[in-house]
Amino acid sequence: MDPLEGETPSAPIEYEPVSVKDVLVEMKDTAELLIDLSYSAVLHQSEQLATEVLRLEERMDVLEMRARMSLLMAARKPADAEQLAPVLGIVGAADGISDAAGDIAKIVLEDMGLPEAMRAALPDAAEALLRGVVAVDSAYAGRTLQDIDLESMTGVRVIALRRGSDWLLNPGPTTRIEADDVALLRGPESAIGDVCEELTGEAYEAPTAETPDIDDLERAVDTIIHMKDFSELAVDLAYSSVLFDSEELAEEVRNLEVEVDAMQSRFEAWTLRAAADATDPVVLRGLIQLGSCTERISDAAIEISEGVLREIDVHPVVQMAVQESDEIITRVEVGTGSDLDGTAVTAGVPDADSTMSVIAIRRPDEGWLLVADADAELRGGDVLISKGTRTAAAAFRDLASA
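Residues numbered from 1 in each chain as written. Predicted model: local features only at pLDDT ≥ 70, side-chain atom pairs only at ≥ 80, totals over all residues. Heavy atoms only, no water.

Trainee: Can you explain the sheet that holds strand S1 (residues 128-133)? Please cite residues and give values.
Mentor: Spatial ordering of the open sheet is given by S1-S6-S3-S4, a layout of four strands whose pairing is antiparallel. Since the sheet does not close on itself, it has two edges, and those belong to S1 and strand S4 (166-169), each with one partner. Between one strand axis and the next, the sheet turns through 20 degrees on average, direction left out of account. With six bridges connecting them, S1 and strand S6 (residues 182-187) associate as antiparallel partners. Each residue of the ladder has a partner; that of Val133, found in S6, is Val182. Most of the contacts of helix H1 (residues 20-43) go to S4, to which it runs at about 90 degrees, and overall it touches S1, strand S3 (157-163), S4 and S6. (Pairing = 2+ DSSP bridges. Helix = DSSP H or I, 4+ residues; strand = E, 2+ residues; numbered from the N terminus. Axes fitted to C-alpha atoms, helices over the stretch in contact; angles between N-to-C directions. Contact = heavy atoms within 4.5 Å.)

Next up, the structure:
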């Protein structure tokens, strides 16, 4: 049965004046949430999460069509077409990410084949992602996230809300939770069940963890988590390279794409070896599709940053999106003997006079390290991908200079 069966079919989309800048920002946020949801659906084998991916994919189709219409209306002369071509590439790439995420979700919905014990193989530090419908009599209904103060009290955060067919992405302190909202929650396994019960009014039953029947399944699950994280980082960097017209960031997207390809190759080799020893090799069929979809996402990231790599001027509509945000992503190389050389990084925060947060490190002799996964010590030659304000970024570059 189609998971969306019985819902209103896709309505015709007519042209209406919209802000291309706002559509591009929403497409970026939607693409990132789609990656998160689709991989979580596989890792937790959740049909509910997988169904939300397909709903969000439909939303992306609408955004893509509206963006294309607006961009076509904006092209009045050859110079416009030259500047708008890369923006069309961004729109197409976002749709490609959406399609790949939808195919990942179908691994669960179409019972394509996954090891039953994948959830049991999740590392203890991994956070859970749940979907719940807000009950009319829930203590959270009618209150803002700031009033509930959920994250500081429990560690659980609301990453998105769906209200009918409308999505509220990146909900903030003033976002109000309403009865019948579909809430997507992320947080520690120890707390998320109680929050879900308070939200939905229904008893939460933690999934049973079966004993892995495939050797080294923990390594495979760890690889899946890393492929998800690297794919998200590649997409984030790709958008940032366009928003800030940064060839340095675009080059890092290329480096990440090479890393993702290598991970996907190793993952598929592991799957084939595991299939040789499995009682029923068909249970691993979905993992092959997962690897393929991961490569498609990283390829889409390259497509997003292609205009920057080809040194095509950023269109003003993209520059407008930048001017509204003070937070930026930067790439800096740690100089040997600089103030950052030998500095410890804990949970992304460097032990330095800086408010920048380090997202990832590319180490020349070791490859990529996502600092959210482990603490690290910065070394001369490290390439840092960091997030923070423009002012902090300038000071951070000074700290990295030898």
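Trainee: I'd like a rundown of the packing of aromatic side chains, residues and numbers included.
Mentor: Per the counting criterion, the structure on display carries one aromatic pair. Ring centres of Phe267 and Trp270 lie 6.5 Å apart, and the angle between their planes is 15 degrees; this geometry places the pair in the stacked category. Residue Phe267 and its partner Trp270 are both found in helix H8 (residues 247-277); the two are separated by three residues, about one turn of the helix. Its relative accessible area of 10% is what places Trp270 among the buried residues. (Phe/Tyr/Trp six-rings, centres within 6.5 Å; stacked < 30°, edge-to-face > 60°. Buried < 20%, exposed > 50% of the residue type's maximum accessible area, 1.4 Å probe, protein only.)

Trainee: Please provide a residue-by-residue account of the nonpolar core, values included.
Mentor: Core analysis: the biggest nonpolar cluster contains 85 residues, and Ile224, Leu287 and Leu290 have the highest contact counts within it. Sort the elements by how many residues they give to this core and helix H7 (residues 217-243) lands first, with 14 residues. Excluding anything up to four places from it in sequence, Leu287 contacts Gly113, Leu114, Pro115, Met118, Ile224, Phe267, Trp270 and Thr271. Of all hydrophobic cores here, the second largest spans 18 residues; its members include Ala128, Val156, Ile177 and Ala191. (Core = buried A, V, L, I, M, F, W, Y, C linked by side-chain atoms within 4.5 Å.)

Trainee: Now, about the pattern of salt bridges: what can you tell me, with residues and values included?
Mentor: This structure, assessed with the given rule, holds 24 salt bridges. The residue Asp382 makes a salt bridge to Arg363 at a minimum N-O spacing of 2.7 Å. Note that Asp382 is positioned in the loop between strand S12 (376-377) and strand S13 (383-389) and Arg363 in strand S10 (residues 357-363), a separation of 19 residues in sequence. Here Asp382 and Arg363 have matching classes, each one buried. Salt bridges sharing partners connect three or more residues here, namely Asp36, Arg186, Lys228, Asp229 and Glu232. (Salt bridge = Lys/Arg side-chain N within 4 Å of Asp/Glu carboxyl O.)

Trainee: Run through the environment of Glu52, naming residues and quoting values.
Mentor: Position of Glu52 among the secondary structure elements: in helix H2 (residues 47-74). Judged by relative accessible area, Glu52 falls into the buried class, the value being 0%. Among all residues touching Glu52, those that are not within four sequence positions of it are Leu37, Arg131, Arg162, Trp167, Val182 and Leu184.

Trainee: Go over the packing of H1 against helix H3 (residues 78-109), please, and point to the residues and values.
Mentor: At a closest axis distance of 9 Å, the pairing of H1 and H3 adopts a crossing angle of 20 degrees. Here H1 is positioned roughly parallel relative to H3, judged by the angle of their axes. When the axes of H1 and H3 are compared, the crossing they make is left-handed. Contacts between H1 and H3 involve Leu24, Met27, Ala31, Leu34, Ile35, Ser38, Tyr39, Ala41 and Val42 from the first element and Val87, Ile90, Val91, Ala94, Ile97, Ser98, Ala101, Ile104, Ala105 and Val108 from the second. Of the residues assigned to the contact of H1 with H3, the class counts are 17 nonpolar, two polar and no charged. (Parallel < 35°, antiparallel > 145°, perpendicular 65-115°, else oblique. Left-handed = near helix turned anticlockwise from the far one by under 90°. Nonpolar A, V, L, I, M, F, W, Y, C, P; charged D, E, K, R; others polar.)

Trainee: Account for the sheet that holds S12, naming residues and giving values.
Mentor: Spatially, S9-S8-S12 is the arrangement adopted by the three strands of the open sheet, whose pairing is antiparallel. In this open sheet, the two strands that pair with only one neighbour each are strand S9 (349-350) and S12. Sheet analysis places strand S8 (residues 344-346) next to S9, joined by two bridges and oriented antiparallel. Looking at the pairing, Thr346 lines up with Val349 of S9.

Trainee: So what's going on with a negative patch on the surface? Which residues, and what values?
Mentor: Negative charge collects at one region of the surface, where Glu82, Asp245, Glu247, Glu311 and Asp313 lie side by side. Using a relative accessible area of 43% as the deciding quantity, one classes Asp245 as partly exposed. (Patch = residues over 30% accessible without salt bridge, like charges linked within 9 Å, V, L, I, M, F, W, Y side chains within 5 Å. Areas by Shrake-Rupley, 256 points an atom, 1.4 Å probe, with all protein chains shown as cover. Lys, Arg positive; Asp, Glu negative; His and termini not counted. Charge placed at Lys NZ, Arg CZ, Asp CG, Glu CD.)

Trainee: Please set out the pairing of S10 residue by residue, giving values where relevant.
Mentor: Sheet topology places S10 next to S13; five bridges connect them, and they run antiparallel. Among the inter-strand pairings, Val358 is bridged to a residue of S13, identified as Ser386. In this sheet, strand S11 (residues 367-370) lies alongside S10 in antiparallel orientation, the contact comprising four bridges. When the bridges of S11 are listed, Ala360 appears paired with Leu370.

Trainee: Mind laying out H1, listing which residues take part and the relevant values?
Mentor: Spanning 24 residues, H1 covers 35 Å between terminal C-alpha atoms, matching the ideal 34 Å at 1.5 Å per step. For H1, a buried count of 20 out of 24 residues is recorded, marking the element as mostly surrounded by other parts of the structure. Note on H1: the residue one or two positions beyond its end, Gln45, has a positive phi of about 50 degrees. (Expected span 1.5 Å × (residues − 1).)

Trainee: Lay out the side chain of Asp236 with the relevant residues and their values.
Mentor: By the secondary structure assignment, Asp236 is in helix H7. Beyond its immediate chain neighbours, meaning those up to four positions away, Asp236 contacts Lys28, Glu32, Ile329 and Lys387.

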